[in-house]
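For reference, the chains in residue letters:
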Amino acid sequence: MVISDETRSKIEEAISKYPQKRGALLPAIHLVQADCGHVSKECAAELAEIFEILPIQVMEVVSFYNMFFDSPQAKHHVYVCTNLPCSLRGSRSLLSQLESHLGVTAPGATEDGRIFLGHEECLGACGYAPMMRVDDEYHEDLDVEKAKQILDSLGK
Amino acid sequence: MLESPYVTQYLTEHFSEADYPTLEGYERRGGYRAARKAITEMAPDEVIETVKTAGLQGRGGAGFSAGLKWSFMPKDDERPKYLVCNADESEPGSFKDRILLERGAHQMLEGILIAAWATGACATFIYIRGEYAYPAVQVERAIAEAYAKGYLGENVMGTGFRHDVQVTRGAGAYICGEETGLLESLEGKKGQPRKKPPFPAQYGAFGMPTTVNNVETFSHVPHIIGKGADWFRGFGTEKSPGTTIFGVSGHVVRPGLYELPLGTPLSEIVFEHAGGIPGGRKVKGVIPGGMSMPILPAGQLDVPMANEFLRERKTMLGTGGVMVMDETTCMVRAASVISYFFRDESCGQCTQCREGTGWMHKIIERIERGAGEEEDIDVLGDVAGKMEAKTICAFADAAAWPIQGLLRHFRDDFVEHVRQRKCPFPGSFEL
C-alpha cells in the first residue's frame, strides 16, 4: 500500500462529509499529494479502490486540474503570474530574470530538484503585481531582488 | 494577507480592524443580528421578497437578481436542498472575493445562513479555489467558531433550524468558476459545465435542488436584512443598487481595492481613486469588469459602472475588475495574452470553444510577430463571431468578447502590425 493509514483515515473522514462518496475525490487527491508528492499509478489504483471507480477515472481528474501531478515534483513550486494585469507591471521580465538566476527555462525545474519555476494564469493578486506563488504562499508587490532573495531562502 | 481597501463602505468598513475576522469581533459590530432576525422573525418568503425588493444583483459576473434566483428553489420538494458559495475567484483582474474571505468570512457565513433559511437549504458547500490557501484557512476558522457557538449545525441559534457548512478546495481550473463546472468539480469530476436545462435549482449539487451564489453576493445579504431594502437602495443606481468592490490593476498610481456605489463613473475610479496613470502618460483603454469583458477606449471612461450603462457601450460590469492600459500598450499584445489564457483554460467539451480559442491565439500571435496579413484581421473577427452563443457554457463568449472589443476600438493597432510587418509599440510591456 502506498497511501498511508493516516491519509486513508483522513480520506474516510472527508467521505463522511459528502452526500455521495465521490464528492470527496478532490479532497482525497489533495491529501494523497500532501503525503506522497504526486499521484502515482499505484496511488491512483488505491484511490480507485477506495472510491469504487476505475483508475482511469482518477487519472482523468488528476490530469484535468493544474494543481494535481502524476509525476514526481520538485521540492518547491514557484509560479510567476503572467496574466494581463501582472504583465502590464513587468511580470514577464521578472520571470525571465528568475529563469537566468536559477538557470532553468520555465516551465522547468533546477537540476537538483529544489525549485520548479513556471508561469501561472491569474492568482487573484492583480492589484499587487508583479507577484509569485511559492508553494502555498503569495509574495506580492515584487521586484527582481526581492524575488531572488525569496528563491535563495528556499530549503532543499 | 491583503491590504484593506482604500475606499470602504458597509461591506469592508471594519476590514482594517484586527479583531473583526473573529466571531467575537464580528458580533461586537452587530454581526449575526440579521441572521437571528431572519430565522426568528421572518418567513422564508419574506426574506426572499426583501432581497428582491433591494434589487441585489449577483456579483459573480452575470448580474442576475439574487432574490429571483432564490425563488427558483422548489418549495414542495422532499429532496435535500443545497447552497453553493462560489469562491473560485479566477477571473483575471478580479481579487475582491479574496479579501471578503480573508477578512469577512463571518459576514459571508451570515449571508449564507440567511439564504439557507430563505431557500430551505440544509447544507452549504463553499468551493474555494485551490490557490487561495490563506483565505481557506480563515474561512475554516470562522466555520469552526460558528459551530462552537451554535450558529451552525443541528440547532442554529436554538431555533431548531439545521444548517451545515463545509469547504471544498478546487485544484486550479478557471472553468470551475462557471456554476455547473463547479458542481461537477464538487462531485469529484472534471469541471466540465453541464447543459442547461435542467438548471441547478432543479438538478444541482449531487442531483439536488441547488442555488449557487458568489462570495460577495452572500456578503451583501446581512446588510439588506439588517437595515432594509430601502437603505440598500440608497447606494448605487435605481437598476443596480448597492456598492461593489472594484479591483483596479495595471497602469495606475494606486492599484488596489475600492468599495464604491454601483454607477460610479469609470473615470472617477481610474483618475481620482486610483490616482490616474503614472509618469504623466495618457490612458489608452480600460477593461471595466474582468478580462472577459470588452475594453473601453479612452474617450468612453465617463460611463457609470452599472450594467444598464455599460451594456450601451457593448460591455458589462462582470466582476468589477478594472484593468487600465496606458498609451504605450500594444493592444495586439494584450489580445495575445488574453487569447492565450482562454486557449489554456478551455475545458475542451465544445468544438467552437476548443478550436476557436486555439485559432484566435494563433492568428493574434502571427499578427504580433509581424507575419500577419490584413485578411487575418477579418478571419479573427469571423472566428470570434462564430464562437458566440453556440456552446454549453458562456466560456466561449467570454473568450470572444474581449477580442471583439479590441478589434472594435483598436483595429488600427492590428492593421499597423500588418503594414509595418512588426510590432509598432516598442515601449509596450514585454511578451
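Residues numbered from 1 in each chain as written. Chains lettered and ligands numbered in written order. Predicted model: local features only at pLDDT ≥ 70, side-chain atom pairs only at ≥ 80, totals over all residues. Heavy atoms only, no water.

## Quick look at the domain arrangement of chain B
Residues and elements named next belong to chain B.
Next up, step 1: The domains assigned to chain B are domain 1 (23-232), domain 2 (243-326) and domain 3 (331-420).
Next up, step 2: The C-alpha-based centres of domain 1 and domain 3 are spaced at 35 Å.
Next up, step 3: At the junction of the two partners, domain 1 supplies 10 residues and domain 3 supplies 8 residues.
Next up, step 4: Both faces considered, domain 1 and domain 3 share a buried interface measuring about 820 Å² in area, 71% of it formed by carbon and sulfur atoms.
Next up, step 5: Linking domain 1 with domain 3 are 0 salt bridges.
Next up, step 6: In this assembly, domain 1 and domain 3 are joined by 3 residue pairs in polar contact (both at pLDDT 80 or more).
Next up, step 7: Looking at the side of domain 1 that touches domain 3, its residues break down into 5 nonpolar, 2 polar and 3 charged. (Domains from an automatic or database assignment. Contact = heavy atoms within 4.5 Å. Buried area = accessible area lost by both parts, 1.4 Å probe. Salt bridge = Lys/Arg side-chain N within 4 Å of Asp/Glu carboxyl O. Polar contact = N/O pair within 3.5 Å; in protein donor to acceptor, adjacent residues only side chain to side chain. Nonpolar A, V, L, I, M, F, W, Y, C, P; charged D, E, K, R; others polar.)

## Looking at the environment of B:D326
Residues and elements named next belong to chain B.
Next up, step 1: With respect to the helices and strands, D326 occurs in strand β9 (residues 321-326).
Next up, step 2: Judged by relative accessible area, which is 1%, D326 ranks as buried.
Next up, step 3: A polar contact is formed between the side chain of D326 and the side chain of T328, at a distance of 2.6 Å. (Helix = DSSP H or I, 4+ residues; strand = E, 2+ residues; numbered from the N terminus. Buried < 20%, exposed > 50% of the residue type's maximum accessible area, 1.4 Å probe, protein only.)

## Observations regarding a nonpolar patch on the surface
Next up, step 1: On the surface, B:F64, B:L68 and B:F72 cluster together into a nonpolar patch covering about 260 Å² of accessible area.
Next up, step 2: Judged by relative accessible area, which is 42%, B:F72 ranks as partly exposed. (Patch = residues over 30% accessible without salt bridge, like charges linked within 9 Å, V, L, I, M, F, W, Y side chains within 5 Å. Areas by Shrake-Rupley, 256 points an atom, 1.4 Å probe, with all protein chains shown as cover.)

## Quick notes on the interface of chain A and chain B
Next up, step 1: Contact with chain A, which involves 40 residues of that partner, is made by 61 residues of chain B.
Next up, step 2: Here chain A meets chain B over a buried area of about 3,900 Å², counting both sides, of which 60% is carbon and sulfur.
Next up, step 3: Taken as a group, A:F64, A:L84 and A:L88 account for 17% of the area that chain A buries against chain B, more than any other trio of residues on that side.
Next up, step 4: Note that A:E140 is salt-bridged to B:R98, the shortest N-O span being 2.9 Å.
Next up, step 5: Counting across the chain A and chain B interface gives 17 residue pairs in polar contact (both at pLDDT 80 or more).

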